[in-house]
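What the coordinates show
In case you want the letters, here they are:
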Amino acid sequence: MKALQCQLDLPEAITVGERIEFVCENPEKLNFESAMLKTSKAPAAKYQLKLLKVENKGESSVHLFFTSYKVGSHQFPEVVLLKDGEEFSLGPLNLNVASVIRPEEPPQGPLGPLPALSLSYPLWLWASTLALILMFLGIAFQGIRRRRQRKLWMQELHDHEQALSPIQAFHADVRKLVRIHPAFLGQTMSSQDLQGSFQQLESLYRMYLARQLDLPIHRWAMGVSLKEIKRKFSKDFSEFGEDLQRNLQELQQSQKSQKELKAQDFQQMVDFTRRSADAIEEILRARRKK
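Residues numbered from 1 in each chain as written. Predicted model: local features only at pLDDT ≥ 70, side-chain atom pairs only at ≥ 80, totals over all residues. Heavy atoms only, no water.

1. As for a nonpolar patch on the surface
Inclusion rule: Excluding any residue in a salt bridge, patches collect residues exceeding 30% relative accessible area, merging like charges within 9 Å and nonpolar Val, Leu, Ile, Met, Phe, Trp and Tyr side chains within 5 Å. Accessibility throughout is a Shrake-Rupley quantity obtained with a 1.4 Å probe, and a residue counts as covered only by protein chains that appear here. What counts as a salt bridge is simple: a side-chain nitrogen of Lys or Arg found within 4 Å of a carboxyl oxygen of Asp or Glu. Only DSSP runs of H or I reaching four residues or more are called helices, and only runs of E reaching two or more are called strands; each is numbered from the N terminus. Exposure classes here rest on a 1.4 Å probe applied to the protein chains alone. A residue is buried below 20% of its type maximum, exposed above 50%, and partly exposed in between.
Together, Leu130, Ile133, Leu134 and Leu137 line one region of the surface with nonpolar side chains, adding up to about 400 Å² of accessible area. Note that leucine 137 resides in helix α2 (residues 123-159). For leucine 137, a relative accessible area of 52% translates into the label exposed.

Below you can see the structure in the form of structure tokens.
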């Protein structure tokens, strides 16, 4: 058995649950975090001395924190730690453990039934446990709410179904927009009016993506949309994802832009969304044929 040279600043008496600290030399720099206290097989022994925590301090010392949950005088000829099957002696220890109840102030009467564990753990532990339970309940509630919301949005999307396919409906809606749009008729438009046009084009593009990919992209934020598309179409996203992401970003930035927008900016964006829709249609059609 190896011996650790330890120092212990121990008062004449400690109260139940009060911590005492061994400061031991550790020249071999062993990690005692997984060490266990070796006690006798008597049932009461585990309450006489309890190892609470191990902290490695510096390069060659370790701090060991103990306590006792049993009132009385306890003599330990040798305190022994077990680590990976090897024993380490900390030397002898004599403890005088006093009750936290003062003799001159005895309890006034019975307290009634209390859960056994309520006297074994500190208040902060119960508070932390309650906080964790509430956090997990909140996460579960959010998950249920999002699944229900997604179901409602998918129903809304399916209610929007029409005779035309997603790509046909998108091109038809864009043609209607272009046919009467001032930007395509050579007329002057204000930057504010153009921002409204970008918003209208984004709605058409998102509805096409929602119908084509069967995801509520018409309702989701851009970050959620891209994440779900990548998850569902992981094999195809590398082919159409870059243009799709760029288009969504450009459409949103144009609506918030402080710079002066021009008619050709909108014309170019219409062309980009058309090309993107055609590319997605072609890629998914080829995938279905395999």
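2. Some points on the environment of isoleucine 20
Here is the rule: We call two residues in contact when some of their heavy atoms are within 4.5 Å.
Tracing the sequence through the fold places isoleucine 20 in strand β4 (residues 20-25). Isoleucine 20 gets classed as buried once you look at its relative accessible area, which sits at 4%. Once residues lying within four places of it in the same chain are set aside, the contact partners of isoleucine 20 are Leu10, Ile14, Leu64, Phe65, Phe66, Leu93 and Leu95.

3. Remarks on the sheet that holds strand β2 (residues 6-8)
What counts, and what does not: In short, DSSP must find at least two bridges between two strands for them to pair. All axes here are fitted lines through C-alpha atoms, helices being fitted over the stretch that makes contact, and every angle between N-to-C directions spans 0 to 180 degrees.
Taking strand neighbours across the sheet as the criterion, the four strands line up as β2-β4-β7-β6 in an open arrangement whose pairing is antiparallel. Edge positions in the sheet fall to β2 and β6 (50-57), since each of these pairs with one other strand and no more. Across the sheet, the mean angle from the axis of one strand to that of its neighbour is 25 degrees, orientation sign disregarded. Examined bridge by bridge, β6 and strand β7 (residues 61-67) share seven bridges and lie antiparallel to one another. Residue pairing for β7: asparagine 56 is matched across the bridge by valine 62.

4. Digging into the environment of arginine 211
By the element assignment, arginine 211 lies in helix α4 (residues 191-213). Sequence separation of arginine 211 and phenylalanine 170 is 41 residues, and the distance between their C-alpha atoms is 10.0 Å.

5. Some words on the state of the cysteines
Short version of the rule: Any cysteine sulfur atom paired with another within 2.5 Å is treated as part of a disulfide.
For the structure shown, the criterion picks out one disulfide. Cysteine 6 shares a disulfide with cysteine 24; S-S distance 2.0 Å. Across the S-S bond of cysteine 6 and cysteine 24 the torsion is about 105 degrees, and the bridge reads as right-handed. Pair noted here: cysteine 6 is in strand β2 and cysteine 24 is in strand β4, with a separation of 18 residues, a long-range link. With a relative accessible area of 1%, cysteine 24 lands in the buried category.

6. Re the packing of α4 against helix α7 (residues 263-289)
Note the threshold: Angular relationships are summarised with four words: roughly parallel below 35 degrees, roughly antiparallel beyond 145, roughly perpendicular across 65 to 115, and oblique for the angles in between.
The N-to-C vectors of α4 and α7 enclose an angle of 5 degrees; their axes lie 10 Å apart at closest approach. Between α4 and α7, the angle falls in the class roughly parallel. Contacts between α4 and α7 involve Leu194, Ser197, Phe198, Leu201, Tyr205, Tyr208, Leu209, Gln212 and Leu213 on the former and, on the latter, Ala263, Asp265, Phe266, Met269, Val270, Thr273, Ser276, Ala277, Ile280, Glu281, Leu284 and Arg288.

7. Re helix α3 (residues 166-179)
Threshold: A helix is expected to span 1.5 Å multiplied by its residue count minus one.
Here α3 is 14 residues long and its end C-alpha atoms lie 20 Å apart, about the 20 Å a rise of 1.5 Å per residue gives. The complete set of buried residues in α3 reads Pro166, Ile167, Ala169, Phe170, His171, Ala172, Val174, Leu177 and Val178. Its buried side turned inward, α3 meets α4 and α7.

8. Points about the packing of aromatic side chains
To keep it simple, the criterion reads: Pairing of aromatic rings covers Phe, Tyr and the six-membered ring of Trp, with a centre-to-centre limit of 6.5 Å; geometry is then stacked below 30 degrees between planes, edge-to-face above 60, and tilted otherwise.
Inspection of every chain in the model, using the stated rule, returns six aromatic pairs. Centroid distance phenylalanine 22 to phenylalanine 66: 5.1 Å. Interplanar angle 75 degrees. Geometry classified as edge-to-face. On the criterion of sequence distance, the pair formed by phenylalanine 22 in strand β4 and phenylalanine 66 in strand β7 is long-range, its members being 44 residues apart. In this pair, the class of phenylalanine 22 matches that of phenylalanine 66, namely buried.

9. Notes on the side chain of glutamate 228
Applied cut-off: Contacts described as polar in this section are N or O atom pairs within 3.5 Å, which, within protein, must combine one atom able to donate a hydrogen with one able to accept it, while residues neighboring in sequence count only if both atoms come from side chains.
Tracing the backbone shows glutamate 228 in helix α5 (residues 222-232). Its relative accessible area of 14% is what places glutamate 228 among the buried residues. Side-chain polar atoms of glutamate 228 contact the side chain of arginine 231, separated by 2.8 Å.

10. Brief notes about the packing of helix α6 (residues 237-256) against α7
Inclusion rule: Two helices cross in a left-handed way if the nearer one is turned anticlockwise from the farther one by less than a right angle. They cross in a right-handed way if the turn is clockwise.
Packing of α6 against α7 leaves a shortest axis separation of 10 Å and a crossing angle of 150 degrees. Of the possible angle classes, the one that applies to α6 and α7 is roughly antiparallel. Handedness of the crossing formed by α6 with α7: left-handed. Facing α6, whose interface residues are Glu239, Phe240, Leu244, Arg246, Asn247, Glu250 and Leu251, α7 presents Met269, Phe272, Thr273, Ser276, Ile280 and Ile283.

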